[in-house]
Amino acid sequence: MSAQSPRNYRPETRLVHSGALRSQFAETSESLFLTQGFIYDSAEQCEARFKGEDPGFLYSRFSNPTVAMFERRMADLEGAQTARATATGMAAVTTAILAPLKAGDHLVASKQMFGSCRYVVEDLLPRYGIASTLVDGLDLEQWRKAMRPNTRTCFLESPTNPTLDVLDIGAIAQIAHDGGARLIVDNVFATPIWQSPLNLGADVVVYSATKHIDGQGRCLGGVILSTDEFIQEHIHTFLRQTGPAMSPFNAWVLLKALETLGVRVKAQTTSAAQIADALAQHPKISRLIYPGRADHPQAAVVKKQMRAGSTLIGFEVKGGKAAAFRTLNGCRIARISNNLGDSKSIVTHPATTTHQRLAPEARAELGISDGFIRYSVGLEHPDDLIEDLMAALETA
Ligand SMILES: *Cc1c(COP(=O)(O)O)cnc(C)c1O
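What you see is a predicted model; the values in this text were computed from it and never measured. (Residues numbered from 1 in each chain as written. Predicted model: local features only at pLDDT ≥ 70, side-chain atom pairs only at ≥ 80, totals over all residues. Heavy atoms only, no water.)

## A short note on the sheet that holds strand β10 (residues 285-289)
- With mixed pairing, the five strands of this open sheet are ordered in space as β10-β11-β14-β13-β12. Single-partner strands in this sheet number two, and they are β10 and β12 (335-336).
- Both strand β11 (residues 312-317) and strand β14 (residues 372-376) contribute to a ladder of five bridges, which runs antiparallel. Across the sheet, E316 pairs through a bridge with F372, a residue of β14.
- On top of the sheet, helix α11 (residues 248-280) reaches β10, β11 and β14; it is set at about 15° to β11, its chief contact.
- Contacting β11, β12, β13 (346-348) and β14, helix α13 (residues 320-330) runs over the sheet at an angle of about 130° to β11. (Pairing = 2+ DSSP bridges. Helix = DSSP H or I, 4+ residues; strand = E, 2+ residues; numbered from the N terminus. Contact = heavy atoms within 4.5 Å. Axes fitted to C-alpha atoms, helices over the stretch in contact; angles between N-to-C directions.)

What follows is the structure, encoded as structure tokens:
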């Protein structure tokens with residue numbers, strides 16, 4: 001088998017070809033190696049492979065050819081030396097945060113983040129003696145003040161879930177590095193198509209592949225991207241020995257999904273921009289947030305670090321929870337769910353779902369009001385989505 005790694009090609013080309021391994025049958029499409037283990041020619045070869053002196057595969061908790069193809073394609077797309085796939089996005093986030101740290105270390109994170117990530121940072125780490133400080137990710141002074149001599153990691157997502165705040169990745173990377181810490185960026189909302197945190201100064205990027213990377217509602221998955229050195233020193237052994245491995249089947253689905261990632265994200269973003277414009281002056285909407293619009297509060301940062309807006313829109317309907325629920329219930333094309341990045345448009349009420357775990361004051365602080373709705377734009381015709389949403393807002 002030989003791997004292709006056309007790094008000098010543009011992202012669209014890499015998404016189709018990078019990492020493809022072909023067997024002796026020279027198949028066109030990447031193969032699904034649905035196998036737990038591998039057979040050795042001899043006991044000597046087996047010994048050599050366990051010693052790391054023979055490059056083949058050992059066991060699918062460690063590595064697998066289909067998973068390796070997905071990892072190579074992701075690394076080439078992101079411009080990272082190495083990628084490691086995990087069973088879910090949360091396995092990727094938890095591993096990237098936890099594996100390099102030990103008791104006595106300290107982490108600083110933006111409090112605007114996905115609910116489960118916040119659990120890891122706020123509840124889980126302190127139980128093992130790793131202190132964490134949450135800051136308003138938009139306030140650079142708060143990041144600076146939170147740094148301690150034992151701060152090893154800074155963590156953020158941008159745009160944030162669900163309020164689409166855009167954090168200055170370059171400036172925060174500088175603060176982290178000045179304090180001797182690394183910056184990990186959860187790049188799910190931006191997608192690798194619109195934002196490349198490693199080029200902006202981040203040290204590690206994580207994704208939930210469940211979102212845009214699959215983008216068709218089928219598989220869970222995650223990925224950690226960084227340098228060979230970081231992965232080797234901090235991630236490699238942890239993943240092998242604790243076992244949050246991606247299934248080869250999921251890797252195969254996600255690998256094929258990468259071929260259309262660029263096409264999908266571009267179409268979804270074009271539609272999202274049209275929908276955001278259509279909502280902007282709506283009398284029943286008190287607040288609209290779309291990173292692609294000039295009225296986004298961090299429009300200058302968007303321009304500096306993102307290649308385009310987003311496939312997601314946030315808006316607040318007047319009339320609180322009751323009006324928000326009527327809007328969700330009134331949508332006929334967009335469906336009520338908690339996923340995002342899907343080819344099917346999805347409406348979510350964060351206050352009662354993804355962020356219900358937070359106390360009402362914590363939600364208020366983040367701008368997640370009872371009237372706030374997150375809209376993930378799919379691949380339907382944008383005019384149908386606009387008509388659907390306008391009709392739903394009539395009932396609000
Ligand atoms: C969904 C999501 C995750 C977790 O991913 P799973 O695949 O559901 O485990 C992490 N971060 C962000 C920003 C997400 O949206």
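Having seen it, we continue.
## Brief notes about the domain arrangement of the protein chain
- Each assigned domain of the protein chain is listed here: domain 1 (7-258) and domain 2 (262-395).
- A C-alpha centroid distance of 27 Å is found between domain 1 and domain 2.
- Each partner contributes residues to the interface: domain 1 has 43 residues there, and domain 2 has 39 residues.
- Buried area between domain 1 and domain 2, summed over both chains or domains, comes out near 3300 Å², and the portion from carbon and sulfur atoms is 56%.
- The interface formed by domain 1 and domain 2 contains four salt bridges.
- A salt bridge links E365 to K111; the shortest N-O distance between them is 3.3 Å.
- Inspection of the region where domain 1 meets domain 2 yields 22 residue pairs in polar contact (both at pLDDT 80 or more).
- Put simply, the parts of the chain that give the side of domain 1 that touches domain 2 at least two residues each are α1 (11-17), α5 (115-127), α7 (169-178) and α8 (191-194).
- For the side of domain 1 that touches domain 2, the element with the highest residue contribution is α5, accounting for five residues.
- By residue class, the composition of the side of domain 1 that touches domain 2 is 20 nonpolar, 14 polar and nine charged. (Domains from an automatic or database assignment. Buried area = accessible area lost by both parts, 1.4 Å probe. Salt bridge = Lys/Arg side-chain N within 4 Å of Asp/Glu carboxyl O. Polar contact = N/O pair within 3.5 Å; in protein donor to acceptor, adjacent residues only side chain to side chain. Nonpolar A, V, L, I, M, F, W, Y, C, P; charged D, E, K, R; others polar.)

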